[in-house]
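# A look at the structure
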Amino acid sequence: MRNASIRMRRWLAGLCLLAAMAPLHAEPVPIAVIVAAEHAREAIDPDALTLIYRRKRLHWADGSRIEPINLPADHPLRLRFSHTVLGLKPEQMQDYWNEMYFQGVSPPYVLASEAAMLAFVAATANAIGYVSACHVAGDVSVLFLLDERGRRLPFVTVPPCADSAP
Amino acid sequence: MIALRRRQLWAALLAAGLVCANVQAFAQTDAAADEVPVPTPQPELPQNSDNRLARGYTVPGTRARIGGYGEVSFIDENDNAERWRATLDSISLLLNWDDGARWRFFAEVELEDSLILSPGDSTTDEAYVSLERLHVDYTRSDFLQLRVGKYLTPIGRWNLIHAAPLVWTTSRPLMTDSTFPTNATGAMIFGVVPLFHRAIDYSIYGSIGEELFPNPELDTFKEAYGIRLNYSFDVHTQIGTSFASFEQELTPDERKEMFGVDFVWKYHRWELQGEWVYRRLQQAAERADERGYYVQLVAPLSERLYAVARTEYLNKVDFDRGVHLQIGGLTWRYSPAWVFKAEYRYAVENDIGVDEGLLTSFAVLF
């Protein structure tokens, strides 16, 4: 009986420890895929997003040319986005972009920060970009949220970012 | 009573107008205060690169981009009395422009064999300018695009990405330029179709000959049509298939049909690639008049050094037996733009006289 009680206490202590560690394994903030208001109703899903960022899909439904924007290759969100959407790290895309260059296609242009991404996408009708969901602000429309596995998430309340500024 | 109500109405309208004007004024003031310049995106430069090579040069204020590549090679043949030959093989210029919407223009002009050095001799007599590509594209949608002009024949994988800095060896697999003309002048519809979470690229093309600025060394199409499909299974694997039916200028009464299959698999800097073609005369459909294949393996040895091995086979028309080639070498990718290659090529049953020996080259993408 006493042994059972000790075992129970150990279990409870273990559970408390796990509960204390839980925040360390919390899911990262979702990635918000953003466009200007002109394309807020565009039918884009994660598969289409992959084609856009591989520059295989070049046009919006109205025929205008899509302008995908990336963050710098060493930006933490770019690394997450590249792994989630393209399945490869930015440096692993190098050969692909060399081949596309030979066919006259360049990789997406780059902006230095999420704040710049928000400002550019809001002001550019044909642009598409991405920011941490907790950084969404201004006149951009969120097409959808992506989790770490590249799955589309429902629009949920996003916890605040650890860093305040995008 | 009515007059009073009218005055009240006018007063209300006036008040509403003043409020709106004030709100608008405030909004304008706020907008002016918040107005910040929109940042300008920059082209992404290759990583680990200390310069702007490998992405071309964008003409300021336009949507035009100029780039290209060059290659210098050194070949030391086993059974040639002259022993070695150094060649400025190619200087190729790429010009690309789009209107930001549906139209696009692309051209590739190449200066080939502009200087050849061999023991006690040098010549520029074999130099010539070749128009590799010159086409205009119109996009109806990503699914349906139209190309008119001169383009690379969409057969197999190597022919479409043949630039020296983008391939692993100095020599080109024989079957990739022996069994079909590498360029076609005509029209093509092409596009990308999403399929099972991935994409299939297709090209359907036709040519009535009349090659634009034909390369004097090539037997060009007299009349041709064909189709190519390429499916990306995942980020690592692609499989393609090609079919073409054509006549060539030097053998105008011989209609040939060609079938091809190709694949590439890339994983953690390893690469396995291969192509297989089977060509037959339409009049004698039961047997091949030319067929071949190659399989190539690339293995990373260090961050920038790779080992390359390739086995090839080609049975050319009018030859009873085919040639087998074995190639082993090293490729040093100093950066995405600079590549140095060295390989040794060995042939068995070499009835067609393929160069054997050491082949080296230096290539740059700019």
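Residues numbered from 1 in each chain as written. Chains lettered and ligands numbered in written order. Predicted model: local features only at pLDDT ≥ 70, side-chain atom pairs only at ≥ 80, totals over all residues. Heavy atoms only, no water.

### Remarks on the packing of aromatic side chains
Evaluation of the coordinates by the stated rule reveals 19 aromatic pairs over all chains. Ring centres of F74 of chain B and W84 of chain B lie 5.9 Å apart, and the angle between their planes is 25 degrees; on these two criteria the pair is classed as stacked. Of this pair, F74 of chain B sits in strand 2 (residues 64-77) while W84 of chain B sits in strand 3 (residues 84-98); the two residues are 10 residues apart in sequence, bridging distant segments of the chain. Aromatic rings pair up to connect Y53, F81 and Y130 of chain A into one cluster. The ring of Y334 of chain B has R304 of chain B sitting right over it, with the charged end atom 5.3 Å from the ring centre. (Phe/Tyr/Trp six-rings, centres within 6.5 Å; stacked < 30°, edge-to-face > 60°. Helix = DSSP H or I, 4+ residues; strand = E, 2+ residues; numbered from the N terminus. Lys NZ or Arg CZ within 6 Å of the ring centre and 35° of its normal.)

### A closer look at the confidence of the model for chain A
Caution applies to low-pLDDT regions: their predicted coordinates should not be interpreted in detail. Summarising the model, chain A shows a mean pLDDT of 84, and 78% of its residues fall at 70 or more. Scored below 50 in pLDDT, residues 15-24 of chain A makes zero contacts in the model with residues more than four places away or belonging to other chains. (pLDDT = per-residue confidence, 0-100. Contact = heavy atoms within 4.5 Å.)

### Brief notes about the layout of surface pockets
Residue and element names in this part refer to chain B. As a volume, the second largest pocket reaches approximately 1500 Å³. Surrounding the second largest pocket, 43 residues form its lining, E112, T170, R172, D177 and E217 being those nearest its centre. For the lining of the second largest pocket, the secondary-structure elements that each account for two or more residues are strand 2, strand 3, strand 4 (103-118), strand 6 (128-139) and helix 2 (175-178). Class assignment for the residues of the lining of the second largest pocket results in 16 nonpolar, 13 polar and 14 charged. (1 Å grid on protein atoms, 1.4 Å probe; cavity = no way out; pocket = protein on both sides within 12 Å on 5 of 7 lines; lining within 4 Å. Points joined across faces, edges and corners; volume = space filled by probe spheres on them. Nonpolar A, V, L, I, M, F, W, Y, C, P; charged D, E, K, R; others polar.)

### A short note on the interface of chain A and chain B
When the parts of a complex come together, some accessible area is lost, and that lost area is often taken as the interface size. Contacts between chain A and chain B engage 40 residues on the former and 48 residues on the latter. For the pair chain A and chain B, the summed buried surface comes to about 3700 Å²; carbon and sulfur atoms form 53% of the total. The largest per-residue losses of area from chain A upon contact with chain B belong to R65, Y101 and F102 of chain A, which jointly make up 24% of the total buried on that side. Where chain A touches chain B, the interface holds five salt bridges. Of the charged contacts, one joins D98 of chain B and R65 of chain A as a salt bridge, the two residues approaching to 4.0 Å between their closest N and O atoms. Scanning the region where chain A abuts chain B turns up 16 residue pairs in polar contact (both at pLDDT 80 or more). Element by element, the count of residues in the side of chain A that touches chain B is highest for helix 4 (residues 94-102) of chain A, at seven residues. A class-by-class count of the residues in the side of chain A that touches chain B yields 20 nonpolar, 10 polar and 10 charged. (Buried area = accessible area lost by both parts, 1.4 Å probe. Salt bridge = Lys/Arg side-chain N within 4 Å of Asp/Glu carboxyl O. Polar contact = N/O pair within 3.5 Å; in protein donor to acceptor, adjacent residues only side chain to side chain.)

### A closer look at the nonpolar core
Residues I34, L49, Y53, M117, I128 and Y130 of chain A are the most contacted members of the largest nonpolar core, which totals 42 residues. At the level of elements, strand 1 (31-36), helix 2 (46-53), helix 3 (76-86), helix 4, helix 5 (114-123), strand 4 (127-132) and strand 5 (140-146) of chain A are the ones that each hand at least two residues to this core. Not counting the four nearest positions on each side in its chain, Y53 of chain A is found in contact with P68, I69, N70, F81, L86, W97, P108, I128, G129 and Y130 of chain A. One finds L174, F180, F221 and A224 of chain B within the second-largest nonpolar core, a separate group that totals 23 residues. (Core = buried A, V, L, I, M, F, W, Y, C linked by side-chain atoms within 4.5 Å. Buried < 20%, exposed > 50% of the residue type's maximum accessible area, 1.4 Å probe, protein only.)

### Side note on the environment of E312 of chain B
Residue and element names in this part refer to chain B. Along the chain, the position of E312 falls in strand 15 (residues 305-315). Under the relative-accessibility criterion, E312 is labelled buried at 2%. Each C-alpha atom, one on E312 and one on P173, is 6.9 Å from the other, the two residues being 139 residues apart in sequence. Aside from chain neighbours lying at most four places away, what touches E312 is R172, P173, L174, Y293, Y294, V323, H324, L325 and I327. Polar side-chain contacts of E312 include one of 2.8 Å to the backbone nitrogen of L174.

### Re the sheet that holds strand 3 (residues 109-110) of chain A
Residues and elements named next belong to chain A. Taken together, the six strands give an open sheet; going across it, the order is 3-2-4-1-5-6, and neighbouring strands pair in mixed fashion. This sheet does not close on itself; its edge strands, each paired only once, are strand 3 and strand 6 (152-153). Where strand 1 lies against strand 5, six bridges are found, and the strand directions are antiparallel. Pairing of V35 across the sheet is with S141, part of strand 5. (Pairing = 2+ DSSP bridges.)

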